[in-house]
Amino acid sequence: MPLDRAEVAMRELVSSFTCLESSRLMDSLARAAAAVVRVGYAGFVRVDPLREEACAVVTHVPPGDPLRVRLWLAECGVLKELAVSRGPVLLACDRSVGTPGFLATPLATVTCDHAFLWAAGRAFDDRDEHLLGRFAIAAGRALEASNGLEAAARLLRGVQSLPLFPQTLPPGPPPPLLPA
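The present account deals with the structure reproduced in this document. Since the structure is predicted, the reported quantities are computational estimates derived from the model, not experimental observations.

1. Considerations on the overall build of the protein
Piece 1. Helix and strand counts for the protein stand at five helices and five strands.
Piece 2. The proportion of buried residues among the 180 residues of the protein is 35%.
Piece 3. Looking at the protein alone, contacts between residues at least 24 apart form 61% of all its contacts between residues at least 6 apart.
Piece 4. When the accessible area of the protein is evaluated, it comes to approximately 11200 Å², of which 61% is carbon and sulfur surface.

And the structure:
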């Protein structure tokens, strides 16, 4: 039995809504953030609702992690600082004590209570903070849009599972939605 136009349209719509995966989007956003502020390191940190713990969600590092930023993130206490911070966090670059230079700015999202976009690898200035802050706004909106598309795709799959044109309706105009 051939598919009718409504079924084909629904399948195409669901397919277009699901072509963007949040994890791939976050990785692309981290790579782009690193490029925007001219470093090799960037990522996302999510903070729990009680603001007690933070964890790295995405970490983009160059091959071999020459500055050992992954280890530094895990051991230096910057995640604790992000957990309690409400604004941007800037740590000076001091290679003698192992600090690679770090800049994090909150994501402007409604769906996630508290998250940061960060970059590391050199000394940062006010211009970098401004650029990363603006990028974080765009990244937050892109992630929310991605989540919205995923939710819409789930709803459309529910619609798709119902018969679009039930055969039991009598021919003629549809019944009114509200009584007159």
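2. Re the environment of arginine 11
Piece 1. With respect to the element layout, arginine 11 can be found in helix 1 (residues 5–17).
Piece 2. C-alpha separation for the pair arginine 11 and leucine 156, spaced 145 residues apart in sequence, amounts to 8.9 Å.

3. Quick word on the sheet that holds strand 3 (residues 89–94)
Piece 1. With antiparallel pairing, the five strands of this open sheet are ordered in space as 2-1-5-4-3. Each of the sheet's edge strands pairs with one partner strand only, and the pair in question is strand 2 (54–60) and strand 3. The mean inter-strand angle of the sheet, taken between neighbouring strand axes irrespective of direction, is 25°.
Piece 2. Both strand 1 (residues 41–47) and strand 5 (residues 115–120) contribute to a ladder of six bridges, which runs antiparallel. Bridge assignment links tyrosine 41 to a residue of strand 5, and that residue is alanine 120.
Piece 3. Docked against the sheet, helix 2 (residues 22–36) engages strand 1, strand 2 and strand 5, running at close to 130° with respect to strand 1.

4. Observations concerning the pattern of salt bridges
Piece 1. Summed over the entire model, instances satisfying the criterion amount to three salt bridges.
Piece 2. Between arginine 31 and aspartate 27 there is a salt bridge, and its shortest N-O distance comes to 3.0 Å. Of this pair, arginine 31 and aspartate 27 both sit in helix 2, four residues apart, which is roughly one turn of that helix.
Piece 3. Since its relative accessible area comes to 26%, aspartate 27 is described here as partly exposed.
Piece 4. The residue aspartate 128 makes a salt bridge to arginine 38 at a minimum N-O spacing of 3.9 Å. One end of the pair, aspartate 128, is in helix 5 (residues 126–161); the other, arginine 38, is in the loop between helix 2 and strand 1, and 90 residues separate them in sequence.

5. What to know about the packing of aromatic side chains
Piece 1. On inspection of all chains with the given rule, the structure shows two aromatic pairs.
Piece 2. On the basis of an interplanar angle of 55° and a centroid distance of 5.5 Å, the ring pair of tryptophan 72 and phenylalanine 102 is categorised as tilted. Here the residue tryptophan 72 occupies a position in helix 3 (residues 69–75), and phenylalanine 102 occupies one in strand 4 (residues 99–106), the gap between them amounting to 30 residues.
Piece 3. What makes phenylalanine 102 buried here is its relative accessible area of 0%.

6. Topic: the pairing of strand 4
Piece 1. Of all the eight residues making up strand 4, seven are buried; the element is thus mostly covered by neighbouring parts of the structure.
Piece 2. In terms of strand pairing, strand 3 meets strand 4 through five bridges, oriented antiparallel. Residue pairing across strands places valine 89 opposite alanine 104, the latter belonging to strand 4.
Piece 3. Two successive antiparallel strands, strand 3 and strand 4, enclose a turn made up of four residues, where glycine 98 displays a positive phi of approximately 90°.

7. As for the nonpolar core
Piece 1. In terms of nonpolar packing, the biggest core is built from 22 residues, with Leu29, Phe44, Leu107, Leu117, Leu132 and Leu143 touching the most fellow members.
Piece 2. Listing elements by their share of this core, those giving two or more residues are helix 2, strand 1, strand 5 and helix 5.
Piece 3. Here the element with the most residues in this core is helix 2; it accounts for six residues.
Piece 4. Setting aside chain neighbours within four positions, we find leucine 29 in contact with Phe44, Phe135, Ala139, Ala142 and Leu143.
Piece 5. The next biggest cluster of nonpolar side chains, apart from the first, holds 18 residues, and it includes Val69, Val78, Leu79 and Phe116.

The rules behind these values
- Residues numbered from 1 in each chain as written.
- Predicted model: local features only at pLDDT ≥ 70, side-chain atom pairs only at ≥ 80, totals over all residues.
- Heavy atoms only, no water.
- Helix = DSSP H or I, 4+ residues; strand = E, 2+ residues; numbered from the N terminus.
- Buried < 20%, exposed > 50% of the residue type's maximum accessible area, 1.4 Å probe, protein only.
- Contact = heavy atoms within 4.5 Å.
- Areas by Shrake-Rupley, 256 points an atom, 1.4 Å probe, with all protein chains shown as cover.
- Pairing = 2+ DSSP bridges.
- Axes fitted to C-alpha atoms, helices over the stretch in contact; angles between N-to-C directions.
- Salt bridge = Lys/Arg side-chain N within 4 Å of Asp/Glu carboxyl O.
- Phe/Tyr/Trp six-rings, centres within 6.5 Å; stacked < 30°, edge-to-face > 60°.
- Core = buried A, V, L, I, M, F, W, Y, C linked by side-chain atoms within 4.5 Å.

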